[in-house]
Amino acid sequence: MKNEDVFKSYESQARTYCRSFPASYDVAHGSFIYDSDGVEYLDMLSGAGALNYGHNHTEIKNTVINYMQRNGVLMSLDLYTEAKRDFIVTFNKYILAPRNLSYKIQFTSPTGTSVVESAVKLARKVTGRHNVICFTNGFHGMSGTSLSLTGNRSKRQAVSQGGVTRLPYDGYLGKDYDSIAFYRKLFMDSSSGVDLPAAIILETVQGEGGVNVASIEWLQGIRQLANDFGIKLIIDDIQAGVGRTGTFFSFEHANIQPDLVCLSKSIGGIGFPMAILLIKPDIDVWSPGEDNGTFRGNNLAFIASTKMLELFWHDKTFEQELSDKETIIRNAFDKVLVSCEEYIKESRGRGLFQGLEFYDEILAVAVAKKCFENKIIIETCGERDHVLKFMPALNIPSHLLEESMERICKIIVSVCNDFKLCSAEHTLIAEEA
Ligand SMILES: *Cc1c(COP(=O)(O)O)cnc(C)c1O
């Protein structure tokens, strides 16, 4: 059987990314992934944010190999292990303490959607309320509660639709619309039809929803609103966290402290499944085993995560590098925005979480397709797939990032020019007819 026939014959129709990037991959290192023929692909998808530190980071990988060589405990439910202790100590030392943050760490089941479930469940328990506020274009996962919080109409399912109120995200109704005042009114007015919520859950940069960036004022307004009405603020930092937006947490720049923080995707260091819920100590009111799961003790992920924290977050150097790399992307965007101004509406993002919004999704999708023909893996997002999403590994060398941006922007310009030619021909044909 040809390589891909196996998947087509036996793997469920639910498969998705493999349809956009059809090759069979075998080895990978850093920003590159290679198919079975050794063809090299540049990875601008980074496991949708689960590979912030690239593929097979040499030092992280060696730490993992050594741990396995000495028969380190792999699976341990939630037993105490040295690997878990090292992770907790390191996370406090390099991440929480320097940011003056104090959180208890809950190890939930190791996927994003599970940590969201746990966060919402805990907020409901603490407040004794049921309703949860979520936002247009939000994405929080595909299991029960998470799936009813997700915005996308084709993905959302009313698993527990009761108890969810969706409100317009920052900018959804236009830049000048005072959405905080609107939410406040809904909470003040006992006949607004909106029950006071247990929690507000949000992404500071909406990943699947189109790289929509919340403003500092909006985030601070939300924090204030939550304080005023006794609502727990949950930041879903599953995609935007662990360095993606230029700081470890995506909310640092807004100077706010959430009550609950969801981390998954890249917290596993090298792509291992892991998720943690950060809980303000005073609301850690679980009773033992009340929120359970078999795979909460993935020690390989703890080992990899600890190494990642030590390598990248022991001082401020890495954040400076991220800021320099953001500039590289922005400079490339500035040029392509000039060349393709009729076709690209805007660029937006924070850190190495960046997007280009096209007016017409046909162009965004065509660019992603042509990139793949040129051995670049990059995806589209947003409600119409009209946003090209740039997610390089955070530790991509600057020269490679520059070169990659040049390659992609060249493809964008050529796709836009082809489109222009094509529509000019159509006009001519239409005029002649
Ligand atoms: C990916 C993602 C999730 C879901 O994570 P899974 O591991 O796929 O369950 C939740 N929230 C955000 C913001 C995400 O990007």
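Calculation rules
Counting from 1, residues in each chain are numbered in the order their sequence is written. Thresholds applied to this predicted model are a pLDDT of at least 70 for local features of residues and 80 or more for the giving and counting of side-chain atom pairs; totals over whole chains, interfaces and linings are not thresholded and use all residues. Hydrogens and water are ignored here; the side-chain numbers use all heavy atoms of the structure. Buried Ala, Val, Leu, Ile, Met, Phe, Trp, Tyr and Cys residues form a nonpolar core when they are joined through side-chain atoms within 4.5 Å. Using a 1.4 Å probe on the protein chains alone, a residue whose accessible area is under 20% of its type maximum counts as buried, one over 50% counts as exposed, and one in between counts as partly exposed. Working definition: helices are DSSP H or I runs of at least four residues, strands are E runs of at least two. Numbering for both runs from the N terminus. Start and end positions for the domains come from either an automated domain assignment or a database one. Angles here are taken between N-to-C directions and fall from 0 to 180 degrees, while the axes themselves are lines fitted to C-alpha atoms, restricted in helices to the stretch in contact. Any angle that is under 35 degrees is reported as roughly parallel, and any over 145 degrees as roughly antiparallel; angles of 65 to 115 degrees are reported as roughly perpendicular and all others as oblique. Crossing handedness is defined as follows: a turn of the near helix away from the far one that is anticlockwise and smaller than a right angle gives a left-handed crossing, while the clockwise case is right-handed. Throughout, a residue-residue contact means that at least one pair of heavy atoms, one from each residue, lies within 4.5 Å. Put simply, buried area is the surface a 1.4 Å probe can reach on two separate parts but cannot reach once they are joined, added for both. Residues are classed as near a molecule or strand on a simple rule: at least one heavy atom within 4 Å of it. What qualifies as a polar contact is a pair of N or O atoms within 3.5 Å, subject to a donor-acceptor requirement within protein and to the restriction that residues adjacent in sequence count only when both atoms come from side chains. All accessibility values rest on the Shrake-Rupley procedure with a 1.4 Å probe; residue burial counts only the protein chains present in the view. Residues are grouped as follows: Ala, Val, Leu, Ile, Met, Phe, Trp, Tyr, Cys and Pro are nonpolar; Asp, Glu, Lys and Arg are charged; all remaining types, including Gly, are polar. At least two bridges found by DSSP between two strands are what make those strands a pair. When two rings of Phe, Tyr or Trp (its six-membered ring) have centres within 6.5 Å they constitute a pair, described as stacked for plane angles under 30 degrees, edge-to-face for angles over 60, and tilted for the intermediate range.

Colleague: Can you lay out the nonpolar core for me, pointing to particular residues and giving the numbers?
Modeller: Judged by nonpolar contacts, the single largest core of 93 residues is most densely connected at Phe-91, Phe-249 and Ile-412. Residue contributions to this core peak at 9 residues, all from helix 13 (residues 398-432). Mapped onto the domain boundaries, this core takes at least three residues apiece from domain 1 (3-59 + 316-429) and domain 2 (72-312). Core analysis: the next-biggest nonpolar cluster, separate from the first, contains 22 residues, Val-120, Val-132, Ala-275 and Ile-279 among them.

Colleague: Residue-level account of the packing of helix 11 (residues 317-339) against helix 13, with values.
Modeller: For the pair helix 11 and helix 13, the least separation of the axes is 10 Å and the interaxial angle reads 20 degrees. It follows that helix 11 is roughly parallel to helix 13 by the angle criterion. With respect to the hand of their crossing, helix 11 and helix 13 are arranged in right-handed fashion. The segment helix 11 lies against helix 13, with Lys-325, Ile-328, Ile-329, Ala-332, Phe-333, Val-336 and Ser-339 engaging Ser-398, Leu-401, Glu-402, Met-405, Cys-409, Ile-412 and Val-413.

Colleague: Lay out the domain arrangement of the protein with the relevant residues and their values.
Modeller: What the domain assignment lists for the protein is domain 1 (3-59 + 316-429) and domain 2 (72-312). Between the C-alpha centres of domain 1 and domain 2 there is a distance of 27 Å. Counting from both sides, the interface comprises 33 residues of domain 1 and, opposite them, 32 residues of domain 2. Summed over both partners, the interface of domain 1 with domain 2 comes to about 2700 Å²; 54% of that surface belongs to carbon and sulfur atoms.

Colleague: Got a sec to walk through the site of the ligand? Specific residues and values, please.
Modeller: In the vicinity of the ligand, the residues found are Thr-111, Gly-112, Thr-113, Phe-139, His-140, Gly-141, Glu-203, Asp-236, Ile-238, Gln-239 and Lys-265. Residue Asp-236 places a side-chain N or O atom 2.7 Å away from a nitrogen atom belonging to the ligand. Take Lys-265: an N or O atom from its side chain is 2.7 Å from an oxygen atom of the ligand. A total of 380 Å² of accessible area belongs to the ligand in isolation, and the protein chains cover 82% of it. Within the shell around the ligand, the residues separate by chemical class into 2 nonpolar, 6 polar and 3 charged.

Colleague: Pulling in residues and values, what's your account of the sheet that holds strand 17 (residues 387-390)?
Modeller: The sheet built from 4 strands is open, its strands ordered 13-14-17-16 with antiparallel pairing. Looking at strand neighbours, the two that pair on one side only are strand 13 (344-350) and strand 16 (379-381), the edges of this open sheet. With strand direction ignored, the average angle separating the axes of adjacent strands in the sheet is 30 degrees. Both strand 14 (residues 353-358) and strand 17 contribute to a ladder of 4 bridges, which runs antiparallel.

Colleague: Summarise the sheet that holds strand 5 (residues 132-135); cite the residues concerned and give the values.
Modeller: As summarised here, the arrangement of the 7 strands in space is 4-12-11-10-7-5-6, forming an open sheet in which the pairing is mixed. Bordering the open sheet on either side are strand 4 (104-107) and strand 6 (164-167), each of which pairs with just one other strand. Shown here is a sheet whose adjacent strand axes are inclined to one another by a mean of 20 degrees, direction ignored. In terms of strand pairing, strand 11 (residues 260-263) meets strand 12 (residues 276-279) through 4 bridges, oriented antiparallel. The residue bridging Val-261 from the neighbouring strand is Leu-278, located in strand 12. Packed onto the sheet, helix 9 (residues 216-228) meets strand 5, strand 7 (199-202) and strand 10 (232-236) and runs at close to 160 degrees relative to strand 7.

Colleague: How would you summarise the pairing of strand 13 if you had to cite specific residues and measurements?
Modeller: Bridge analysis of strand 13 against strand 14 gives 6 bridges, and the strand direction is antiparallel. When the bridges of strand 14 are listed, Ile-344 appears paired with Phe-358. Between strand 13 and strand 14, which pair antiparallel one after the other, the connecting turn spans 2 residues, and Gly-351 there sits at a positive phi close to 60 degrees.

Colleague: Quick one: what's the story with the packing of aromatic side chains, residue by residue and with numbers?
Modeller: Tallying each qualifying case throughout the model produces 25 aromatic pairs. Ring geometry for Phe-135 and Tyr-183: centres 5.8 Å apart, planes at 55 degrees, overall tilted. Of this pair, Phe-135 sits in strand 5 while Tyr-183 sits in helix 8 (residues 179-188), placing them 48 residues apart in sequence. Each member of the pair, Phe-135 as well as Tyr-183, carries the same accessibility label: buried.

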